[in-house]
Amino acid sequence: MVEGSGKRTRPNILVTGTPGTGKTTLSSSLAEATQLRHINVGDLVKEKNLHDGWDDELDCFVLNEDLVCDELEDVMEEGGNIVDYHGCDFFPERWFDCVVVLQTGNTVLYDRLSRRGYNEAKLSNNVECEIFQVLLEEAKESYPEDRVVAMKSDTIEDISRNIATLTDWVRNWSSPAQS
Ligand code: ADP
Ligand code: MN
């Protein structure tokens, strides 16, 4: 935390989207390019046991939102984080200066997720989630609209372009309170 001011000097970015849209790929490259800290929430939940057990139907951990937010509070206050998670409605709004929603065409996404070995139920669940733009809606409902940006993530070129755009944005960012 920045002593005295309580304001971060580097931005926090949330990278969200349906599983398979490329959140982790984008976040890790962006972290390298900007020296921001990549926080993969799924990995953190597993490592620190921030969950209430296993969801058999969805085949994933039931994340404990309070434990996750408590765990991240200090580091988010400090700033300079890229948070990577397929959900966005339970984080405090004040944490993020930019919310990136990755979007992938449904046939491309289907292929990526089958390569990942998802079963049929999980496949159709996730592709449906993408078709109905569930994460974009969730982001728009949870954050001010001017902080939410949708980015296409179908190809390698899309990744490069998104990283370039976001790297520029990070370089030019200054704390709203200081400008
Ligand atoms: P997420 O973290 O959103 O689940 P990942 O970053 O793990 O997604 O990406 C899933 C797979 O898709 C990986 O094999 C990755 O290399 C590939 N991928 C991600 N984004 C793209 C893209 N824009 N173009 C081509 N392949 C991509
Ligand atoms: Mn991921």
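Bear in mind the structure is a predicted one, so any value in this text is a computation, not a measurement.

A. Spatial organisation of the side chain of Thr21. The residue Thr21 is located in the loop between strand 1 (13-16) and helix 1 (23-34) in this model. One polar contact links the side chain of Thr21 to the main-chain carbonyl oxygen of Thr18, over a distance of 2.7 Å. Among residues more than four places away in sequence, those in contact with Thr21 are Leu102, Gln103, Thr104, Leu109, Arg112, Glu130 and Ser153.

B. Expanded view of the site of ligand 1. Around ligand 1 lies a shell of 15 residues, among which Gly20, Lys23, Thr25, Arg116 and Thr155 are the nearest. Thr25 is positioned with one of its side-chain polar atoms (N or O) 2.6 Å from an oxygen atom of ligand 1. Relative to its free-state accessible area of 560 Å², ligand 1 is covered by the protein chains to the extent of 74%. Elements supplying a minimum of two residues to the shell around ligand 1: helix 1 and helix 7 (156-172). For the shell around ligand 1, the element with the most residues is helix 1, which contributes three residues. Residues that form the shell around ligand 1 fall into these classes: three nonpolar, eight polar and four charged.

C. A look at the UniProt feature "binding site: ATP" (unreviewed entry) in the protein. In this structure's numbering, the residues bearing the UniProt feature "binding site: ATP" (unreviewed entry) are Gly20, Gly22, Lys23, Thr24, Thr25 and Arg116. Turning to its location among the elements, Thr25 is positioned in helix 1. In this structure, Arg116 is in contact with Pro19 and Gly20, ignoring residues within four places of it in sequence.

D. Structural detail: the packing of aromatic side chains. Taken as a whole, this structure holds seven aromatic pairs when the rule is applied. Both rings, one in Trp54 and one in Phe61, keep their centres 5.0 Å apart while their planes meet at 90°; by these two values the pair is edge-to-face. Summarising the aromatic geometry, the rings of Phe91 and Phe96 are spaced 5.7 Å apart at their centres and angled 75° between planes, so their arrangement reads as edge-to-face. Residue Phe96 is classed as buried on the basis of its relative accessible area of 1%.

E. A negative patch on the surface, seen in detail. Taken together, Glu65, Asp66, Asp70, Asp89, Glu137 and Glu141 make up a surface patch of like negative charges. Elements with a contribution of two residues or more to the negative patch: helix 3 (65-78) and helix 6 (134-142). The greatest single-element share of the negative patch, amounting to three residues, is contributed by helix 3. Judged by its relative accessible area of 70%, Glu141 is exposed.

Cut-offs used in this document
- Residues numbered from 1 in each chain as written.
- Chains lettered and ligands numbered in written order.
- Predicted model: local features only at pLDDT ≥ 70, side-chain atom pairs only at ≥ 80, totals over all residues.
- Heavy atoms only, no water.
- Helix = DSSP H or I, 4+ residues; strand = E, 2+ residues; numbered from the N terminus.
- Polar contact = N/O pair within 3.5 Å; in protein donor to acceptor, adjacent residues only side chain to side chain.
- Contact = heavy atoms within 4.5 Å.
- Near = heavy atom within 4 Å.
- Areas by Shrake-Rupley, 256 points an atom, 1.4 Å probe, with all protein chains shown as cover.
- Nonpolar A, V, L, I, M, F, W, Y, C, P; charged D, E, K, R; others polar.
- UniProt positions renumbered as here; feature names shortened; annotations may be inferred.
- Phe/Tyr/Trp six-rings, centres within 6.5 Å; stacked < 30°, edge-to-face > 60°.
- Buried < 20%, exposed > 50% of the residue type's maximum accessible area, 1.4 Å probe, protein only.
- Patch = residues over 30% accessible without salt bridge, like charges linked within 9 Å, V, L, I, M, F, W, Y side chains within 5 Å.
- Salt bridge = Lys/Arg side-chain N within 4 Å of Asp/Glu carboxyl O.
- Lys, Arg positive; Asp, Glu negative; His and termini not counted.
- Charge placed at Lys NZ, Arg CZ, Asp CG, Glu CD.

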